[in-house]
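Each chain is listed here by its residues.
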Amino acid sequence: MKLPVSQEGAKLVASPRHSIILRNNQVKPVLEGVSDHEAYAVEVDPSNKSIQNNEKEAKRCLLTDPNETSHSFSVQMMVENSMNPDLESTFTFVDEVVKSVGPYSRSKFPNHILVHFCRNVWESGQAYDAHKLANEVYEVILAPDTHLYFDHPYEPDPEERGLYWACRYLDTHKVFRFVPENLMFNADVKLTGEKITKLDLQLLREFEDFTELKKPKNITGIQGQIWTESVIFPLLIALAERAWHKAPWEDVDPKKRKPKEDEDWSVFAHMLGNKELKRLEAANIFYHIPPPGARVAEDGLLELSSCYPGQPMSYSVDKGQTWKPYLDMVDVGSYDEVLARVSSHNGCHHSRVISIPIQVYPDSDDQNN
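Calculation criteria
Residues numbered from 1 in each chain as written. Predicted model: local features only at pLDDT ≥ 70, side-chain atom pairs only at ≥ 80, totals over all residues. Heavy atoms only, no water. Helix = DSSP H or I, 4+ residues; strand = E, 2+ residues; numbered from the N terminus. Buried < 20%, exposed > 50% of the residue type's maximum accessible area, 1.4 Å probe, protein only. Contact = heavy atoms within 4.5 Å. Areas by Shrake-Rupley, 256 points an atom, 1.4 Å probe, with all protein chains shown as cover. Phe/Tyr/Trp six-rings, centres within 6.5 Å; stacked < 30°, edge-to-face > 60°. Lys NZ or Arg CZ within 6 Å of the ring centre and 35° of its normal. Pairing = 2+ DSSP bridges. Axes fitted to C-alpha atoms, helices over the stretch in contact; angles between N-to-C directions.

Peer 1: Explain the overall build of the chain residue by residue, including any values.
Peer 2: Counting its regular elements, the chain contains eleven helices and twelve strands. Counting across all 369 residues of the chain, residues that qualify as buried make up 39%. Expressed as a percentage of contacts within the chain between residues at least 6 apart in sequence, the contacts between residues at least 24 apart total 62%. When the accessible surface of the chain is summed, it comes to about 21500 Å², and 51% of that surface belongs to carbon and sulfur atoms.

Structure representation (structure tokens):
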């Protein structure tokens with residue numbers, strides 16, 4: 001059966017995405033149907049004149065109930081753009097999609113529903129929806145907005161690409177320290193960037209929707225979300241680390257786990273800077289390079305550090321006309337400004353350039369004189 005859409009509508013229906021779910025060192029093939037499918041839902045709506053000659057076929061693949069009187073809105077302010085699992089026609093649609101993408105056998109895909117959980121702006125209390133779903137009959141894939149939506153900027157800086165909507169930024173370190181098996185352990189900052197306090201956490205527990213996770217085995221896996229503005233590496237490497245490997249510090253209270261977590265991150269960051277990023281370059285894969293940490297000490301010495309130790313760093317004292325490799329602290333006290341950047345190992349790509357104003361403090365003896 002051909003999906004009942006007009007020629008114009010067919011151009012709007014996105015192809016299903018091929019994905020994997022990671023759990024206990026297992027990889028499962030899946031076809032993922034995105035819930036925000038406004039184009040198709042509108043195309044097969046019975047009120048759409050373009051399908052009047054094919055209304056019977058269209059009803060076979062309806063994804064929403066035309067008799068539904070209550071209406072929900074998506075983040076994009078679309079109405080009724082989610083698949084309704086209570087309709088037999090939804091599963092007819094899924095069967096037709098599976099047949100259309102081949103060469104997959106229908107038998108490889110289970111006949112149960114996997115629910116992707118994403119909405120978790122912490123102060124909203126919506127994070128408990130994941131627990132509600134898991135406590136019922138659903139297998140839940142965690143894809144929280146604040147930690148695994150890769151369309152956010154790496155840093156809260158206007159020069160970084162990405163959209164600020166669920167959190168101010170999402171970098172490799174934040175993905176690395178995600179704890180899948182205790183969702184509320186990840187509650188760190190609000191949408192505004194303010195730190196979540198003990199009082200905030202207590203208030204969240206007093207929410208009407210507060211729900212303890214009673215069936216942790218129904219948390220099936222985790223997934224990162226990618227868009228065209230996403231620079232997915234090295235985020236994807238950190239995602240794989242958390243999906244495949246449970247770190248010893250994940251079960252430790254957030255207030256006590258930081259030393260072990262920092263030690264684990266240091267090993268991971270060194271591995272990125274000295275090994276994995278070189279492999280990406282060898283495969284011509286573009287990746288995000290964070291700018292260096294920088295400071296000029298009172299004696300005028302410039303100190304630079306890279307987020308991923310081992311990556312080359314350089315500085316300029318002539319407004320970027322020439323660059324010198326940074327090997328150790330260097331005296332820049334005679335200049336008004338110094339620029340700094342981090343580069344790929346092959347020198348083809350660079351981080352954002354940062355500017356460090358120079359302010360040298362005179363010795364106390366000079367001040368007294």
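Peer 1: So what's going on with the packing of aromatic side chains? Residues and values would help.
Peer 2: This structure, assessed with the given rule, holds six aromatic pairs. On the basis of an interplanar angle of 85° and a centroid distance of 5.1 Å, the ring pair of Tyr128 and Phe210 is categorised as edge-to-face. Placement of Tyr128 in helix α5 (residues 128-135) and of Phe210 in the loop between α8 (198-205) and β5 (219-222) is noted, with a sequence separation of 82 residues between them. In this structure, Lys174 is placed above the aromatic ring of Tyr169, and the distance from its NZ or CZ to the ring centre is 5.5 Å. The lysine or arginine in question, Arg242, covers the ring of Phe176, its NZ or CZ lying 4.8 Å from the ring centre.

Peer 1: For the side chain of Thr92, give the residues involved together with the corresponding values.
Peer 2: Structurally, Thr92 can be placed in helix α4 (residues 88-101). Taking relative accessible area as the criterion, Thr92 reaches 17% and is therefore assigned buried. Once you skip the residues sitting within four places of it in the chain, Thr92 turns out to touch Arg60 and Cys61.

Peer 1: Could you give an account of the sheet that holds strand β6 (residues 293-296), with specific residues and numbers?
Peer 2: Pairing is antiparallel in the open sheet, where three strands are placed in the order β6-β7-β10. Since the sheet does not close on itself, it has two edges, and those belong to β6 and β10 (330-331), each with one partner.

Peer 1: So what's going on with the pairing of strand β11 (residues 337-342)? Which residues, and what values?
Peer 2: With five of its six residues buried, β11 lies for the most part within the structure. Across four bridges, strand β8 (residues 313-316) lies against β11 in antiparallel orientation. Of the residues in β11, the one forming a bridge with Ser314 is Arg341. Both β11 and strand β12 (residues 354-357) contribute to a ladder of four bridges, which runs antiparallel. Residue pairing in the sheet places Glu337 in a bridge with Pro357 of β12.

Peer 1: Run through the sheet that holds strand β4 (residues 139-142), naming residues and quoting values.
Peer 2: Pairing within the open sheet is parallel, and its three strands lie in the order β3-β4-β5. The open sheet has two free edges, formed respectively by β3 (114-117) and β5, since each of these has just one partner strand. On average, each strand axis in the sheet is inclined to that of its neighbour by 30°, with strand direction left out of account. Bridge count for β3 against β4 is four bridges, and the pairing is parallel. Its bridge partner being in β4, Phe117 is matched across the sheet by Leu142. α5 contacts β3, β4 and β5 of the sheet and is inclined by roughly 155° relative to β4.

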